[in-house]
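Remarks on the overall topology
Below, each chain spelled out in residue letters.
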Amino acid sequence: MTTSVSAQTDSPLTIGGRAFRSRLMVGTGKYTDNQTMVDAIEASGAEIVTVAVRRVDLDRSQQEGILHHLDPDKFFLLANTAGCFTADEAIRYARLGREAGFNEFVKLEVIGDRETLMPDNVGLIEAATTLVQEGFQVMAYTNDDIVTALRLEDAGCATVMPLASPIGSGLGLLNPYHIRTIKQRLSVPVIVDAGVGTASDACVTMEQGVDGILMNTAIAKADDPAAMARAMRLGVEAGRLAYLAGRMERREVAIPSSPTTGLLD
Amino acid sequence: MTASIKITVNGDTREFDSKSSLDDLLRVLDLDPRMVVVEHNRSIVRRPQLAATPLEDGDSVELVHFVGGG
């Protein structure tokens, strides 16, 4: 039987020399409570889980960091540089994240506009170049622009992560053509990061041939985060499998599926 | 009388004993050194060096950890 085609034909996702089973990566922000977050992450099947670096709240010093809730032996914790608006800030946060964490990976964000949260391409490439030189495996969040994606690959990024639509918008994949172009032209893995709103978005995004998806809000802000996490897991798997299976040709005419011969008079 | 020094910790000015080290600062703030990363005047100080790093008046210290994020 060939019921698990995916496992038979798909290879693991390899980023910066590390192999991952799951092509779905999830964030840990915006959950109503820690248990809801942990349940959702487990339901998602994700291995790579993003976290942010922030000041310890000294006035309530017993407030726990996220490491009290996520086992670093069970999940691959990926520090981000969210909230950084310059290359220097992002480099500083990346270094702190490496120290707080357990690996050389960083999800690099350099934001250029507070309203749209669109990346600052110049700052992004500058920060990526420095961090690669410092030995980081840089996973760079970028817009869906092929030129920036190529520059980030040239800078030595381990993966390039174009957005489907703006962070937290849930608008889904707005430009499949740009995403396909980036995937076709780059050698490093392409992970779509941000904008996926529901399971069909995840599926359509994976059908473009990208290597994975990173999402946060779509799961955290669902009415039932654990259920949406499972839906996303299935959506990612379905889209991946459909991509590997190779879809039929589109034709703008109807072609009957049943024989046109042998019909009754 | 013990002299005190002013240190900016996570953006707020606090007073510490003039002989304090970074390790003392964490102890006064009741923080587990294993759970925070210490940045002293913009340089990261690793755990084994905390006790050997003295604080001086006007120093800036950032104490960070991982929180939820996307």
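The structure under discussion appears in the preceding block.
Note that this is a predicted model, so its numbers are computed, not measured.

Rules behind the numbers
- Residues numbered from 1 in each chain as written.
- Chains lettered and ligands numbered in written order.
- Predicted model: local features only at pLDDT ≥ 70, side-chain atom pairs only at ≥ 80, totals over all residues.
- Heavy atoms only, no water.
- Helix = DSSP H or I, 4+ residues; strand = E, 2+ residues; numbered from the N terminus.
- Rg over C-alpha atoms; globule rule 2.2 N^0.38 Å.
- Buried < 20%, exposed > 50% of the residue type's maximum accessible area, 1.4 Å probe, protein only.
- Contact = heavy atoms within 4.5 Å.
- Areas by Shrake-Rupley, 256 points an atom, 1.4 Å probe, with all protein chains shown as cover.
- Lys, Arg positive; Asp, Glu negative; His and termini not counted.
- Charge placed at Lys NZ, Arg CZ, Asp CG, Glu CD.
- Buried area = accessible area lost by both parts, 1.4 Å probe.
- Salt bridge = Lys/Arg side-chain N within 4 Å of Asp/Glu carboxyl O.
- Polar contact = N/O pair within 3.5 Å; in protein donor to acceptor, adjacent residues only side chain to side chain.
- Nonpolar A, V, L, I, M, F, W, Y, C, P; charged D, E, K, R; others polar.

1. A look at the overall build of chain B
Helix and strand counts for chain B stand at 1 helix and 5 strands. Going residue by residue from the N terminus, the α and β elements of chain B occur as β-β-α-β-β-β. Relative to the globule expectation of 11 Å for 70 residues, the C-alpha radius of gyration of chain B, 12 Å, shows essentially globular dimensions. Projected onto its principal axes, the C-alpha coordinates of chain B cover approximately 50 × 25 × 20 Å. Buried residues in chain B amount to 41% of all 70 residues. Counted over contacts in chain B with a minimum sequence separation of 6, partners at least 24 positions apart contribute 49%. Entry remark: accessible area of chain B is about 3,900 Å², with carbon and sulfur atoms responsible for 46%. Across chain B, the centroid of the 8 positively charged side chains sits 5 Å from that of the 12 negatively charged ones.

2. Describing unusual backbone geometry
Residue and element names in this part refer to chain A. One non-glycine residue, Leu117, lies in positive phi territory at about 55 degrees. The backbone of Ala194 sits at a positive phi, close to 90 degrees, despite the residue not being glycine. Secondary-structure assignment places Ala194 in the loop between β9 (191-193) and α7 (199-207).

3. Some thoughts on the interface of chain A and chain B
The interface of chain A with chain B comprises 32 residues on the first partner and 23 residues on the second. A buried area of about 2,500 Å², summed over both sides, lies between chain A and chain B, and 60% of it is on carbon and sulfur atoms. Among the residues chain A hides against chain B, the three largest losses belong to Arg55, Leu58 and Arg92 of chain A. Together they make up 27% of the total. In this structure, the connection of chain A to chain B is made through 4 salt bridges. At the boundary of chain A and chain B, one finds 15 residue pairs in polar contact (both at pLDDT 80 or more). Among the secondary structure elements, those contributing two or more residues to the side of chain A that touches chain B are β4 (48-55), β5 (76-80) and α3 (87-100) of chain A. Class assignment of the residues belonging to the side of chain A that touches chain B gives a composition of 10 nonpolar, 13 polar and 9 charged.

4. Details of helix α2 (residues 34-44) of chain A
Residue and element names in this part refer to chain A. For α2, the set of buried residues is Met37, Val38, Ala40, Ile41, Ala43 and Ser44. On its buried side, α2 packs onto β3 (24-26), β4, α8 (217-220) and α9 (225-245). Looking at where α2 begins, the residue whose side-chain oxygen comes 3.1 Å from the main-chain nitrogen of Gln35 is Asp33. Trailing α2 by a residue or two, Gly45 shows a phi angle of about 75 degrees, which is positive.

5. Section: the environment of Leu96 of chain A
As for its position among the elements, Leu96 of chain A is in helix α3. The contacts of Leu96 of chain A, once residues within four sequence positions are left out, are Val53 of chain A together with Val37, Glu39, Ile44 and Val64 of chain B.

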